[in-house]
There are 2 protein chains.
Amino acid sequence: LLSKKNFLQHGWVMGFLQKNNSLGEEGRLAGSLSERQKNLFSCVNSDRDARFCRTETDFSNMFARDLLPAKNGEEATMQFLLELVDILTNYVRKSFDRSTKVLDFHHPHQLLEGMEGFNLELSDQPESLEQILVDCRDTLKYGVRTGHPRFFNQLSTGLDIIGLAGEWLTSTANTNMFTYEIAPVFVLMEQLTLKKMREIIGWPSGEGDGIFSPGGAISNMYSVMIARYKYFPEVKAKGMSAAPRLVLFTSEHSHYSIKKAGAALGFGSENVVLLSTDERGRVIPADLEAKILDVKQKGYHPLFVNATAGSTVYGAFDPINEIADICEKYNMWLHVDGAWGGGLLMSRKHRHKFSGVERANSVTWNPHKMMGVPLQCSAILVREKGILAGCNSMCAGYLFQPDKQYDVSYDTGDKAIQCGRHVDIFKFWLMWKAKGTIGFEQHIDKCLDLSQYLYDKIRNREGYEMVFDGVPQHTNVCFWYIPPSLRGMEHNSKEYREKLHKVAPNIKAMMMESGTTMVGYQPQGQKVNFFRMVISNPAALQSDIDFLIDEIERLGRDL
Amino acid sequence: LLSKKNFLQHGWVMGFLQKNNSLGEEGRLAGSLSERQKNLFSCVNSDRDARFCRTETDFSNMFARDLLPAKNGEEATMQFLLELVDILTNYVRKSFDRSTKVLDFHHPHQLLEGMEGFNLELSDQPESLEQILVDCRDTLKYGVRTGHPRFFNQLSTGLDIIGLAGEWLTSTANTNMFTYEIAPVFVLMEQLTLKKMREIIGWPSGEGDGIFSPGGAISNMYSVMIARYKYFPEVKAKGMSAAPRLVLFTSEHSHYSIKKAGAALGFGSENVVLLSTDERGRVIPADLEAKILDVKQKGYHPLFVNATAGSTVYGAFDPINEIADICEKYNMWLHVDGAWGGGLLMSRKHRHKFSGVERANSVTWNPHKMMGVPLQCSAILVREKGILAGCNSMCAGYLFQPDKQYDVSYDTGDKAIQCGRHVDIFKFWLMWKAKGTIGFEQHIDKCLDLSQYLYDKIRNREGYEMVFDGVPQHTNVCFWYIPPSLRGMEHNSKEYREKLHKVAPNIKAMMMESGTTMVGYQPQGQKVNFFRMVISNPAALQSDIDFLIDEIERLGRDL
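Structural notes, computed from the coordinates.

What counts as what
- Residues numbered from 1 in each chain as written.
- Chains lettered and ligands numbered in written order.
- Predicted model: local features only at pLDDT ≥ 70, side-chain atom pairs only at ≥ 80, totals over all residues.
- Heavy atoms only, no water.
- Pairing = 2+ DSSP bridges.
- Helix = DSSP H or I, 4+ residues; strand = E, 2+ residues; numbered from the N terminus.
- Axes fitted to C-alpha atoms, helices over the stretch in contact; angles between N-to-C directions.
- Contact = heavy atoms within 4.5 Å.
- Salt bridge = Lys/Arg side-chain N within 4 Å of Asp/Glu carboxyl O.
- Buried < 20%, exposed > 50% of the residue type's maximum accessible area, 1.4 Å probe, protein only.
- Right-handed = clockwise from strand over helix to strand, strands pointing away.
- Least-squares fit on C-alpha atoms with pLDDT ≥ 70 in both.
- Arc of directions from axis to C-beta.
- Phe/Tyr/Trp six-rings, centres within 6.5 Å; stacked < 30°, edge-to-face > 60°.
- Buried area = accessible area lost by both parts, 1.4 Å probe.
- Polar contact = N/O pair within 3.5 Å; in protein donor to acceptor, adjacent residues only side chain to side chain.
- Nonpolar A, V, L, I, M, F, W, Y, C, P; charged D, E, K, R; others polar.

### A look at the sheet that holds strand 5 (residues 301-308) of chain B
Residue and element names in this part refer to chain B.
Thinking step 1. The strand order across the open sheet built from seven strands is 2-8-7-6-5-3-4, with neighbouring strands paired in mixed fashion. Each of the sheet's edge strands pairs with one partner strand only, and the pair in question is strand 2 (209-213) and strand 4 (272-275). Between one strand axis and the next, the sheet turns by 20° as a mean value, whatever way the strands run.
Thinking step 2. In this sheet, strand 7 (residues 362-365) lies alongside strand 6 (residues 333-338) in parallel orientation, the contact comprising four bridges. Residue pairing across strands places V336 opposite V363, the latter belonging to strand 7.
Thinking step 3. Across the sheet, helix 11 (residues 257-264) lies against strand 3 (246-251), strand 4 and strand 5, angled at about 165° from strand 4, the strand it touches most.
Thinking step 4. Helix 13 (residues 320-329) rests against strand 5 and strand 6 of the sheet, and its axis sits at about 155° to strand 6.

Below you can see the structure in the form of structure tokens.
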């Protein structure tokens, strides 16, 4: 059955290496053409590069062992990869088509029980390549189309084609960032890109340090580690007992990774002091100073402040300059967590929200969020040169030999907490080349405009209530949808709050079941569940915003 | 010029969506065929999936902004991706061809100055898609072919076609492991695969905990964190000052990541005690016990022992059972770092080297090393269920909402130290499906056989000296090549040692300049630089081993 389907699905191409033992209907028809005509349609071979064309191939008796490096495995390999690419390009195409569902939701137990020939269990014996291709199709089928124009669920959305190309190349190159020796081009790309990012932050001549890490949480963890190393370098060898009780400060609206870092690195989560925020979710500088004084009075040492530039829920930007003043006054490390907000640095219109960022000691900036780079792509940028190596190097002779024939200062592995490190830079570098700085700026500005459109649309609309007042600083628009049945109720009543708390989860569940769109929700402090709309998806248009609102109202009106 | 080259390189295919404004020579010829014939060669369209065929496309006036989600961007997107795939598949094909160089070495300053139209600098304005494709070609050209049959430089080598397909799909799906909501299939695959790995370790019913992390160093860091949490859970909130001085033990031959973890997590690198090893690089259990007693006598708390299963340089396996006895006696956490050795668990012939592993509390196992899975793919496996969440969760309500419509125990994000987490599981799951357990076993056994072949070949060969005696436990074969000029010299003389120290770096430099093969070298303790040959490359044959030896002798004979 599957073979038949493969034949039917296949376009016919007369290939340079066409297999004659597996011709389908089109192949047989084509076989009647004259030799001269055949040659016309042959794949041209120049530069000693064979051009492989897809031919209908029966994968039902082929296995992984028939692929390269198997002897004569070249054709099978090419046909398999081209078949896979066909699956992937169709997936890409459909993901941008609004008539495609965002997801085809199934519960865990349903997928675990197995769906029509899609079985997740692993076995001792190999599956045929035909089944592998089916597995690939089904994996995509039951997944979530994060590139769909109506996927708004996370800070990372969209599917950038150049970024995708970059990832395909990266995985084909399959190398490791730890030395110039085995990743010469990628290591240099990382160095140049980090420098460019530091220039944009505003550090003189783009000087400083930095590294790409597996996500913003790890980047934030780096910032805490190097802050500790800067002020208490002896902790590296002697442990936390060599320092006084060290305290970290971060907003109650900040990302949980600062607290996780505090716990993991031996500070203790209780020594991560949460700062109060204003109604818009921005740190109140006076509260920071008061809490620093309180900590000092207790005899502890205030070490580090994290200012969030683009908070997860509200998209709030802490006032960096005021916080920097306080950090200078008390000789503390200032980190700016721009994991989400970082992209705004590329926008002449919006970068003022980062005012003062050049005074930071370190900055987290995730191109995989607002800039649309495929996950993972996160940078930790540091003002002081050499401090990452000072903090993390263990000088492993077996990996980083000083007696190489090239300048080993390019071997960056020892400054990481990782050993092997995935190549996250290429897709980002390639996107930058393809769009220019200006292309990123346009993307950012467009997303901010769209969020303003959403804000303008709903702020006075019947049945909506904004979670905070005023134009959002980032693309986060936080709101409650109030179903008609709740509209007349007393807002402060327990019953109202309990009912409202269930509205967003209910609508979200129905959205997922119908597969039409996805948007996040959560409570925050005393505020019951509300929708947090974020826009980073380059495919989103105003009509998609309209669709989202229609969908919320369609699904929520009878709640 | 480049356009011309594109035309010439292109195979001609009559496409469903062929562009008429950019026909090259083949296109024009084809244009003279009758309509009936044209249709024969059209890409078949069924299932409402268009089959895209490559057509010669002029990318010189096309930009990233012309690709999806641009209006009418579908054809440009398909053509661009297919062109890129052509570059990639040619690269793959050539990487398995022994007549291709492993690398085309250039110094950093050469690449930074720019190579014939390949410029690493980023700019404000976009580049054309034609230039982007050139950038892709050049990035591969100046890189290192880690899949080449003669690339032996790292523990991760080879290019597995199924793994590659898995990575291409993963990047196309571009999602994030933190919730079932947005990665339902991948989250389940991870769960099932971790269970299977735990079964192979030998934990009853495969019960326990685990997660895929961005590399062995992070997996090892997890092990230290959870050991601390197990014995001193109060450290999570209160910091290291809530615990006595905690000490970690690991072999002097172990990976530096244990020491890095000690420094990062606040233990201090001085509280990572290095254990003495026997001549083969295996921990001496009596030394462990003596050092534990010494630490206890000082009033410190011995917390954690790392046993290495496959050390980086010698490939040594520490005696896990003896170490487990000591850990039980002193109530300590036993971690087994099988980042490199883990694959041997899949081999009935070699898994005895892991004897006792089921007694470990945690195990690091990197499928991206010995099992040939593309980087990154590393698992931390834990015997006690739920401890990862206990150790790391911060219960961030905005990400992990308890009021979802599905079983939220599948939302695994909060047990990670990361927030966003790259999908590392799919390529591994797909390879397991495609090869079966038995396929991994065959690969492992073949690599071990090859290393035995190398060992047998050189151990009594003139001009070679083994770094340690006996058949290697893993595929690591460590040896000095002694050029003829050094063969008569007194081995203990300073002059001999100094000269020998330079031999491997010199040969390696010449290897890289000539691009014929790559193998690692390093000193170890008092031992001067020697070659460390490792075999994890599925493409390697005995003839490649022969080639390596010939090459070492060719390059080294006049040193």
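### So, the pattern of salt bridges
All names here are of chain A.
Thinking step 1. Under the definition given, this model contains 70 salt bridges over all chains.
Thinking step 2. A salt bridge links K329 to E289; its shortest N-O distance comes to 2.6 Å. Here the residue K329 occupies a position in helix 13 (residues 320-329), and E289 occupies one in helix 12 (residues 285-297), the gap between them amounting to 40 residues.
Thinking step 3. In this structure, the salt-bridge partner of E553 is R461, at a minimum N-O distance of 2.7 Å. Taken as a pair, E553 in helix 17 (residues 542-556) and R461 in the loop between helix 15 (425-458) and strand 9 (464-466) lie far apart in primary sequence, 92 residues in all.
Thinking step 4. The class of R461 is partly exposed, set by a relative accessible area of 29%.
Thinking step 5. What you see here is one network of salt bridges that share partners, running through R54, E83, D86 and R137.

### Things to note about the pairing of strand 4 (residues 272-275) of chain A
All names here are of chain A.
Thinking step 1. Sheet topology note: the strand 3 (residues 246-251)/strand 4 ladder contains four bridges and is parallel. Bridge pairing in strand 4 links S251 to L275.
Thinking step 2. In this view, the connection linking strand 3 to its parallel neighbour strand 4 by way of helix 11 (residues 257-264) has right-handed handedness.

### Section: the relation of the copies chain A and chain B
Thinking step 1. For these two chains of identical sequence, chain A goes onto chain B by a turn of 180° and a shift of 0.0 Å along the axis, with RMSD 0.0 Å. One copy is carried onto the other by what is essentially a two-fold rotation axis. Of every C-alpha in chain A, the one belonging to L265(A) sits nearest the axis of rotation, 2.0 Å from it.

### Description of helix 13 of chain A
Helical periodicity: at 3.6 residues per turn, an α-helix aligns residues three or four positions apart in one direction.
Residues and elements named next belong to chain A.
Thinking step 1. Burial in helix 13 covers these residues: I320, I323, A324, I326 and C327. Down the axis of helix 13, the buried set is contained in an arc of 160°. They therefore lie on one face. Turned more than 90 degrees away from the buried face of helix 13 sit E328 and K329, all of them exposed.
Thinking step 2. Each element contacted by the buried residues of helix 13 is listed here: helix 12, strand 5 (301-308) and strand 6 (333-338).
Thinking step 3. Just downstream of helix 13, N331 is the residue with a positive phi angle, here 55°.

### Brief notes about the packing of aromatic side chains
Two descriptors summarise a pair of aromatic rings, namely the distance from one centre to the other and the angle between the planes of the rings.
Thinking step 1. This model, assessed by the stated rule, comprises 39 aromatic pairs over all chains.
Thinking step 2. Plain terms: the ring middles of Y406(A) and F105(B) are 6.3 Å apart, the flat faces sit at 40° to each other, and that makes the pair tilted. With Y406(A) in the loop between helix 14 (387-392) and helix 15 and F105(B) in the loop between helix 4 (74-95) and helix 5 (108-113), this residue pair bridges two chains. F105(B) matches Y406(A) in its accessibility class, with the two residues each being buried.

### A look at the pairing of strand 2 (residues 209-213) of chain A
Residues and elements named next belong to chain A.
Thinking step 1. Buried residues dominate strand 2, accounting for five of its five residues.
Thinking step 2. Residues D209, I211 and S213 point to one face of strand 2 and G210 and F212 to the other, with burial holding for every one of them.
Thinking step 3. The pairing of strand 2 with strand 8 (residues 378-382) spans five bridges and is antiparallel. Residue pairing in the sheet places D209 in a bridge with V382 of strand 8.

### Regarding the interface of chain A and chain B
Thinking step 1. With 185 residues of chain A at the contact, the number on the chain B side is 184 residues.
Thinking step 2. For the pairing of chain A and chain B, the buried interface totals around 15900 Å² over both sides, and the portion due to carbon and sulfur atoms is 63%.
Thinking step 3. Connecting chain A to chain B are 10 salt bridges.
Thinking step 4. With a closest N to O distance of 2.5 Å, E181(B) and K508(A) form a salt bridge.
Thinking step 5. The interface formed by chain A and chain B holds 64 residue pairs in polar contact (both at pLDDT 80 or more) in total.
Thinking step 6. Among the elements that line the side of chain A that touches chain B, the one with the most residues is helix 4 (residues 74-95) of chain A, at 17 residues.
Thinking step 7. For the side of chain A that touches chain B, the per-class residue count stands at 100 nonpolar, 50 polar and 35 charged.

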